[in-house]
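# Close look at the chain arrangement
Spelled out from the first residue to the last, the chains are:
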Amino acid sequence: MSTTIKKGGMTIPQIRARKDAEPLVCLTAYSTPMAKFLDPFVDLILVGDSLGMVLYGMKTTLGVTLDMMIDHGTAVMRGAERSCVIVDLPFGSYKESPEVAYRAGARVMAETGASGVKLEGGAEMAETIAFLTTRGIPVMGHIGLTPQSLHADGGYRAHGREEKEAETMLADARAVADAGAFAVVIEGTIESVAREITEAVAIPTIGIGASAACDGQILVTEDVTGLFTDFQPKFVKRYAELGDEVGKAAQAFADDVRARRFPGPEHCFGPAKKT
Ligand code: KIV
């Protein structure tokens, strides 16, 4: 069990206080080195269950387990000094009952040292969010396009284009906020819906494919940096092409090895010492 205690990092109340203030900058990380790279620049690092698809090559996030999230959460905590680290509760670990969710959340908090958990769902999760938050587990909500409900929703699609669905999203956001969530991710919706929700709730809204009307933004780091290229959602902006750089480095290494240019004398240990 990890005993990581974070000192001087962004706290949950500090994240909550960013409502209607400077936009919250959030990215995902799954490993210690990536957390170290991101930490100076972001307010919040999410250990997202997107790791199932991005790191493990799964087709959906449904195969991600609580143990996987705890392992990656622990690794990220080792690299994050100043940002607030939140860990996703994976599919099957929290919707059964508030008690089951509490046990999953408590494991994440105790074993990783993260500041809170994120869970998907709206009004139907309000009781669970209240159960967790009143027992010391800060919760970030996630409404709109919720990848764990992919099959029930009939695929990845923008939510809230129809009035009825927009009303449901607003009701979901209100329920999640009233239940005690400290922030809510809004994924995949149109600007008018994101704006209405952001104006309606007292907690920060963090958008992903939900326009600039939100109080903050989150993206998957591998999407942003070009390390995940299987597909690119419309809402992703690519800021680097690191996948191409990795390919170039591998090609240069291969060329050097085949031509016996690597290792050079500077990479080799000196001659044996005479005794
Ligand atoms: O799993 C994840 O990375 C997420 C974010 C994209 C919001 O839920």
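## Remarks on the layout of surface pockets
- The calculated volume of the largest pocket comes to roughly 850 Å³.
- Forming the boundary of the largest pocket are 39 residues, of which Leu145, Glu187, Ile208, Pro233 and Phe235 lie nearest the centre.
- Listing elements by their share of the lining of the largest pocket, those giving two or more residues are helix H3 (51–54), strand E6 (183–187), strand E7 (205–208) and strand E8 (216–219).
- For the lining of the largest pocket, the element with the most residues is E8, which contributes three residues.

## What to know about the domain arrangement of the protein chain
- The domain boundaries assigned to the protein chain delineate domain 1 (12–238) and domain 2 (243–269).
- For domain 1 and domain 2, the distance between their C-alpha centroids amounts to 40 Å.

## Focus: a negative patch on the surface
- Among the surface-exposed residues, Asp20, Glu163, Glu167, Glu196 and Glu199 lie close enough to one another that they form a single negatively charged patch.
- Residue assignment for the negative patch shows that the elements contributing at least two residues are helix H8 (163–178) and helix H9 (191–200).
- Mapped onto the elements, Glu196 comes out in helix H9.

## A few points about unusual backbone geometry
- In the segment running from Phe262 into Pro263, the intervening peptide bond is cis, with an omega of 0 degrees.
- Here Ser211, not a glycine, exhibits a phi torsion of approximately 75 degrees, which is positive.
- By the secondary structure assignment, Ser211 is in the loop between E7 and E8.
- The exposure class of Ser211 is partly exposed, given its relative accessible area of 24%.

## Digging into the site of the ligand
- Lining the immediate environment of the ligand, one finds Thr28, Leu46, Gly48, Asp49, Ser50, Asp88, Lys118, His142, Ile208 and Val220.
- Ser50 places a polar side-chain atom, nitrogen or oxygen, 2.5 Å from an oxygen atom of the ligand.
- For the ligand, an oxygen atom lies 2.9 Å from a polar atom in the side chain of Lys118.
- Here the ligand occupies the largest pocket.

## A closer look at the packing of aromatic side chains
- For the coordinates displayed, the defined rule picks out three aromatic pairs.
- Between the aromatic rings of Tyr102 and Phe131, the centroid separation amounts to 6.3 Å while the plane-to-plane angle is 80 degrees, which identifies the pairing as edge-to-face. Of the two residues, Tyr102 sits in helix H5 (residues 98–112) while Phe131 sits in helix H6 (residues 126–133), which places them 29 residues apart along the sequence.
- Relative to Phe231, the ring of Phe228 lies with its centre 5.5 Å away and its plane at 90 degrees, an arrangement referred to as edge-to-face.
- Assessed through its relative accessible area of 40%, Phe231 is described here as partly exposed.

Conventions used here
Residues numbered from 1 in each chain as written. Predicted model: local features only at pLDDT ≥ 70, side-chain atom pairs only at ≥ 80, totals over all residues. Heavy atoms only, no water. 1 Å grid on protein atoms, 1.4 Å probe; cavity = no way out; pocket = protein on both sides within 12 Å on 5 of 7 lines; lining within 4 Å. Points joined across faces, edges and corners; volume = space filled by probe spheres on them. Helix = DSSP H or I, 4+ residues; strand = E, 2+ residues; numbered from the N terminus. Domains from an automatic or database assignment. Patch = residues over 30% accessible without salt bridge, like charges linked within 9 Å, V, L, I, M, F, W, Y side chains within 5 Å. Areas by Shrake-Rupley, 256 points an atom, 1.4 Å probe, with all protein chains shown as cover. Salt bridge = Lys/Arg side-chain N within 4 Å of Asp/Glu carboxyl O. Lys, Arg positive; Asp, Glu negative; His and termini not counted. Charge placed at Lys NZ, Arg CZ, Asp CG, Glu CD. Buried < 20%, exposed > 50% of the residue type's maximum accessible area, 1.4 Å probe, protein only. Near = heavy atom within 4 Å. Polar contact = N/O pair within 3.5 Å; in protein donor to acceptor, adjacent residues only side chain to side chain. Sits in = over half its atoms within 2 Å of the grid points. Phe/Tyr/Trp six-rings, centres within 6.5 Å; stacked < 30°, edge-to-face > 60°.

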